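Examination of the molecular architecture
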2 protein chains.
Amino acid sequence: MSERGLLIVLSGPSGVGKGTVRKALFSQPDINLHYSVSVTTRKPREGEVDGVDYFFKTREEFEQMIRENKLLEWAEYVGNYYGTPIDYVEKTLQEGKDVFLEIEVQGAMQVRKVFPEGLFIFLAPPSLSELEKRIISRGTESAEHIQNRLKAAKEELEMMDAYDYVVENDKVELACERIKAIVMAEHCRRERVAKRYKRMLGVE
Amino acid sequence: MSERGLLIVLSGPSGVGKGTVRKALFSQPDINLHYSVSVTTRKPREGEVDGVDYFFKTREEFEQMIRENKLLEWAEYVGNYYGTPIDYVEKTLQEGKDVFLEIEVQGAMQVRKVFPEGLFIFLAPPSLSELEKRIISRGTESAEHIQNRLKAAKEELEMMDAYDYVVENDKVELACERIKAIVMAEHCRRERVAKRYKRMLGVE
């Protein structure tokens, strides 16, 4: 009966600060997104709470979830499994609530196949604007340093091709503001609002 | 050299409060949009300032602007001409600044032809949510009243087809917040950011 929620996927190169942005976003009082907690086989770090930071599972339990198709996406890093339980995502979207995932790039591409209508946000390092400044004010930096950054920027450029939005993580608060704006704007998309109108008016 | 600004067009059915929302939006200190002042042949009302509220022109001056293709869109209402000077819009967009127009629906359709890449925002009366409530809590309103509102909603639905976004004007502050979110989100669109990256990196 009610409108399906939006699936928002935040991803980006490792080390860009996805976890920091996600935590800052969910620490805001007015946030109306539902965070989908990941499953992992890695040991809890100090302060991490089961069901809040992760669902901590054994390898056997995780492999059973894979076999039973209970994961929307999963991957193995440094000997540990990480994945997104599909049940929570589906149930929450069906309730008309927006679901937020913070996952690695490989995982995001898996989710894209199942939810092509999701909003895929690429969190980018602030290298672009920094790079621009450095190129403009040449001489303050070694040519090699600039070359390395140019190479990284080219890789990021290729990676971001599969995303709908790019949010630069120059400042965590700004990145949060941009993500919130994207979600708000997407709720105002004409296709979405018109669909709601049509359903209500019984027009096809 | 610099990226072109966005053209944002706010329109909607007459009486929906376009002017009120535009004024509230531009009274905010952090607003980074450039309002394109319209040209009109109607007489200034009390308190209206030439060049701020409108550029006030004679019919002869206005008709000369039409002949010289100096208007992006124009129309005649109740014996007066209203139009948007194209020079300001073009110059400001080229400087990389976002331009904001608040115009009637016919004018918006003219602008769409010249600037298909613009952001077209339809300001909708809060009738949709109100209507929903009324239909749910039947009996408090006459059937005729509901019928009239249903008819209006159907007309709005047709009108909004040519727009990218629909912003409900339930509260002026909320409508402003949504418009700002749309502009911010559009600046994060991957196509736009990737273009900037590519230009900087010299990649095609």
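Here, every reference points to the structure presented above.
Anyway, here's the lowdown on the structure attached to this text.

Definitions and cut-offs
Residues numbered from 1 in each chain as written. Chains lettered and ligands numbered in written order. Predicted model: local features only at pLDDT ≥ 70, side-chain atom pairs only at ≥ 80, totals over all residues. Heavy atoms only, no water. Pairing = 2+ DSSP bridges. Helix = DSSP H or I, 4+ residues; strand = E, 2+ residues; numbered from the N terminus. Axes fitted to C-alpha atoms, helices over the stretch in contact; angles between N-to-C directions. Least-squares fit on C-alpha atoms with pLDDT ≥ 70 in both. Contact = heavy atoms within 4.5 Å. Buried area = accessible area lost by both parts, 1.4 Å probe. Salt bridge = Lys/Arg side-chain N within 4 Å of Asp/Glu carboxyl O. Polar contact = N/O pair within 3.5 Å; in protein donor to acceptor, adjacent residues only side chain to side chain. Nonpolar A, V, L, I, M, F, W, Y, C, P; charged D, E, K, R; others polar. Expected span 1.5 Å × (residues − 1). Buried < 20%, exposed > 50% of the residue type's maximum accessible area, 1.4 Å probe, protein only. Arc of directions from axis to C-beta.

Quick notes on the sheet that holds strand 8 (residues 119–124) of chain A
All names here are of chain A. Taken in spatial order, the five strands make up an open sheet running 2-7-1-8-9, and their pairing is parallel. Strands with a single pairing partner mark the edges of an open sheet, and in this sheet they are strand 2 (33–35) and strand 9 (165–168). Ignoring strand direction, the axes of neighbouring strands in this sheet form an average angle of 30°. As judged from the four bridges shared by strand 1 (residues 7–11) and strand 8, these two strands associate in the parallel manner. Residue pairing in the sheet places Val9 in a bridge with Phe120 of strand 8.

Details of the relation of the copies chain B and chain A
When chain B is fitted to chain A, the best match, at an RMSD of 0.0 Å, comes from turning it 180° and sliding it 0.0 Å along the axis. In symmetry terms, the pair is related by a two-fold rotation axis. For chain B, the minimum C-alpha distance to the rotation axis belongs to Ala181(B) and amounts to 2.1 Å. With an isologous cut-off of 70% or more, the 100% of interface residues of chain B that recur at the interface of chain A puts this contact in the isologous class.

Describing the interface of chain B and chain A
When the parts come together, some accessible area is lost, and that loss is often what is quoted as the size of the interface. Counting residues at the interface gives 38 residues for chain B and 38 residues for chain A. Here chain B meets chain A over a buried area of about 3500 Å², counting both sides, of which 70% is carbon and sulfur. Counting across the interface, chain B meets chain A through two salt bridges. Arg190(B) serves as the salt-bridge partner of Asp161(A), at 3.8 Å between the closest nitrogen and oxygen. For the pair chain B and chain A, the interface holds 12 residue pairs in polar contact (both at pLDDT 80 or more). Counting residues per element, the ones that place at least two in the side of chain B that touches chain A are helix 5 (127–136), helix 6 (143–159), strand 9 (165–168), helix 7 (172–187) and helix 8 (190–201) of chain B. With nine residues, helix 8 of chain B is the single largest residue contributor to the side of chain B that touches chain A. Its residues assigned to classes, the side of chain B that touches chain A shows 23 nonpolar, two polar and 13 charged.

Things to note about the side chain of Arg42(A)
Residue and element names in this part refer to chain A. Mapped onto the elements of the fold, Arg42 is located in the loop between strand 3 (38–40) and strand 4 (54–56). Here Tyr82 takes part through its side chain, which lies 3.4 Å from a polar atom of the side chain of Arg42. The residues touching Arg42, leaving out its near neighbours within four places in the chain, are Glu48, Tyr54, Phe56, Asn80 and Tyr82.

What about the sheet that holds strand 1 (residues 7–11) of chain B?
Residue and element names in this part refer to chain B. Taken in spatial order, the five strands make up an open sheet running 2-7-1-8-9, and their pairing is parallel. Both edges of this open sheet fall to strand 2 (33–35) and strand 9, since each of them pairs with a single strand only. In this sheet, neighbouring strand axes are inclined to one another by 30° on average, regardless of whether the strands run parallel or antiparallel. Where strand 1 and strand 7 (residues 98–102) come together, four bridges link them in parallel fashion. Paired with Ile8 across the two strands is Phe100, which belongs to strand 7. Its contacts with the sheet put helix 1 (residues 18–26) on strand 1, strand 2, strand 7 and strand 8 (119–124), and the angle it makes with strand 7 is roughly 150°. Contacting strand 1, strand 2, strand 7, strand 8 and strand 9, helix 7 crosses the sheet at an angle of about 155° to strand 9.

Some remarks on helix 8 (residues 190–201) of chain A
Residue and element names in this part refer to chain A. For helix 8, spanning 12 residues, the distance from its first C-alpha to its last is 16 Å, which sits close to the expected 16 Å at 1.5 Å a residue. Listed in full, the buried residues belonging to helix 8 are Arg190, Val193, Ala194, Tyr197, Met200 and Leu201. End-on view of helix 8: buried residues confined to an arc of 125°, all on one side of the axis.

Overview of the environment of Tyr197(B)
Among the secondary structure elements, Tyr197(B) is positioned in helix 8. For Tyr197(B), a relative accessible area of 1% corresponds to the buried category.

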